[in-house]
Structures are given as structure tokens and as C-alpha cells.
Amino acid sequence: MYAFYEVFLYLNYLLLFINTVLGFRKYSYFKNIEKFYVFYMLFLLFIEMTVWTLSTGLGFKDTRFMYPVYIAGDFFLLTGLFIGKLKLNRLFLWLSGFVAAVFLTVVFGFKLNFNHDIAKVISNIIIISFAGTFLIMQIRNGKNVERFFLADLGIFFYYSVSVFNFVIQSQLINLSMDNVGLIGLFNTFFAAILYGLITYTFLKLKK
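So, here's what we can say about the structure.

## Comments concerning the overall build of the protein
Item 1. Counting its secondary structure elements, the protein contains seven helices and zero strands.
Item 2. Element order for the protein, N to C, with α for helix and β for strand: α-α-α-α-α-α-α.
Item 3. For the protein, whose C-alpha radius of gyration is 17 Å, the value lies close to the compact-globule estimate of 17 Å for 207 residues.
Item 4. Judged by the C-alpha coordinates and their principal axes, the protein covers about 50 × 40 × 35 Å.
Item 5. Taken across its 207 residues, the protein has 41% of its residues classed as buried.
Item 6. With the model as given, the accessible surface of the protein reaches about 12100 Å², and the carbon-plus-sulfur share is 69%.

## Considering unusual backbone geometry
Note: most residues except glycine have negative phi, and most peptide bonds are trans.
Item 1. In this structure, Lys87 is a non-glycine residue whose phi angle is positive, near 55°.
Item 2. Along the chain, the position of Lys87 falls in the loop between helix 3 (66–85) and helix 4 (90–109).
Item 3. The exposed category is assigned to Lys87, whose relative accessible area is 73%.
Item 4. Within the chain, Lys111 stands out as a residue other than glycine whose phi angle is a positive 55°.

## Some words on helix 5 (residues 116–140)
Item 1. Across its 25 residues, helix 5 extends 36 Å between first and last C-alpha, which sits within 8% of the 36 Å expected from 1.5 Å per residue.
Item 2. Its side-chain oxygen 2.9 Å from the backbone nitrogen of Asp117, Asn115 forms the N-cap of helix 5.
Item 3. Residue Gly142 follows helix 5 closely and has a positive phi angle near 70°.

## Points about the nonpolar core
Nonpolar side chains in soluble globular proteins tend to end up buried together.
Item 1. Residues Tyr40, Met41, Leu44, Ile155, Tyr159, Tyr195 and Phe202 are the most contacted members of the largest nonpolar core, which totals 48 residues.
Item 2. The set of elements that each furnish at least two residues to this core consists of helix 1 (2–25), helix 2 (35–57), helix 3, helix 4, helix 5, helix 6 (149–171) and helix 7 (177–204).
Item 3. Contact partners of Leu44, with chain neighbours within four places excluded, come to Leu16, Tyr70, Asp74 and Tyr195.

## Quick word on the packing of helix 3 against helix 4
Item 1. At a minimum axis distance of 9 Å, the contact between helix 3 and helix 4 shows a crossing angle of 175°. By the angle between their directions, the pair helix 3 and helix 4 is classed as roughly antiparallel. Across from Pro68, Val69, Ile71, Ala72, Phe75, Phe76, Thr79, Gly80 and Ile83 in helix 3, the residues of helix 4 making contact are Phe92, Leu93, Ser96, Gly97, Val99, Ala100, Phe103, Leu104, Val107 and Phe108.

Cut-offs used in this document
- Residues numbered from 1 in each chain as written.
- Predicted model: local features only at pLDDT ≥ 70, side-chain atom pairs only at ≥ 80, totals over all residues.
- Heavy atoms only, no water.
- Helix = DSSP H or I, 4+ residues; strand = E, 2+ residues; numbered from the N terminus.
- Rg over C-alpha atoms; globule rule 2.2 N^0.38 Å.
- Buried < 20%, exposed > 50% of the residue type's maximum accessible area, 1.4 Å probe, protein only.
- Areas by Shrake-Rupley, 256 points an atom, 1.4 Å probe, with all protein chains shown as cover.
- Expected span 1.5 Å × (residues − 1).
- Polar contact = N/O pair within 3.5 Å; in protein donor to acceptor, adjacent residues only side chain to side chain.
- Core = buried A, V, L, I, M, F, W, Y, C linked by side-chain atoms within 4.5 Å.
- Contact = heavy atoms within 4.5 Å.
- Axes fitted to C-alpha atoms, helices over the stretch in contact; angles between N-to-C directions.
- Parallel < 35°, antiparallel > 145°, perpendicular 65-115°, else oblique.

Have a look at this one:
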């Protein structure tokens, strides 16, 4: 089970690297709002490589302090992406940035101790709501769907799966190692699908 998890984990590292390189090579092909996809891939690659370097290269036994940074950055980039796509007032973007900044201040400034998974689930639900609303609008357009439709669909399903995984873990307190491994494998598998859809979309981009 763990071997399959590692395969998808390193596949995800590779896809994030490929997407970041592709994103910057084709940077001029992106519309302004679409550049959030490039920043999203770069941010995830930074998080993953930092955690990997700290734990594997530098021998850190606890890298959980990176989790709030991931939650805040992930939330801001994806809500910012869909706020732009939905053509909402820019005040929503400022609000998203404010919420992310307050969260980091509470965690690192005031050092309040609480379950960060709850914040992640709330973040995911908000992202799913924005992504779902935009996808419904796209489906209503019929054949006039935009070129990042598959990537947005991948975001919607991956973050929905993440919420589902959290619900399972919270309900089943005494999970066996095999079940924990299965949930981790499930998550990395859907992450690979998301990153693969973004790779496909980046490769097809034309001016």
C-alpha cells in the first residue's frame, strides 16, 4: 500500500515541476486571471519541496508548521482565481487575502492551538463553492466552455475528495495503518489526476 502511495507522491512532484516549467515557458499565452494557475503550481511545488527538503535532507522530524502556510496560500490563490473568473467585485479578492493573513497571524503571531484540519475543510468548502458555481455557468454555456474547463473540474473533484477524506477520518477515530495508507493513496491519486489535467491544459495552450 505504502509503495503505491510513494509512486503517486513522486509522480505528483514530477507533475508539479513540469507544470511550473510549462507555465513559465508559456506565460505570455495566459490571460491575466489564468496566470493564477501558474502561481498555484509554483506555490504547491514550493510547499512540497520545502517539506521534502526539511524532512529528508535536513532531518526535521516535525514539518507541521508548513501546513498553515499551505492552507493560507492555497485558499488565497484558488479563491482569487475563481473570484476573477466569476467577475466578482475586487473587494472579494481583498477579503480573501485578509482572511488568509488573519489565519497566519492567529497561528504564528498569537500561537493559538487549534485543529488546523478544521480550517482546511472550511477552506476547501469555500473553494468547492466557487469552483462549482463557475462550472455550472460553463455547462450552461454549452459548447462555449473555456479552455481551462478540465483543470477547473479537476480542482472541484480533488477538493471535494479531500473534504470526504476528512469526514471519514473524523468519524473513524481508530483507523488502522492500512486504512490511513488507503486514504493517503486515494488523496495522492486524485491529486495526480488534477495535476495531469493541468499539464494537459498547459500543453494545449495557444495564443
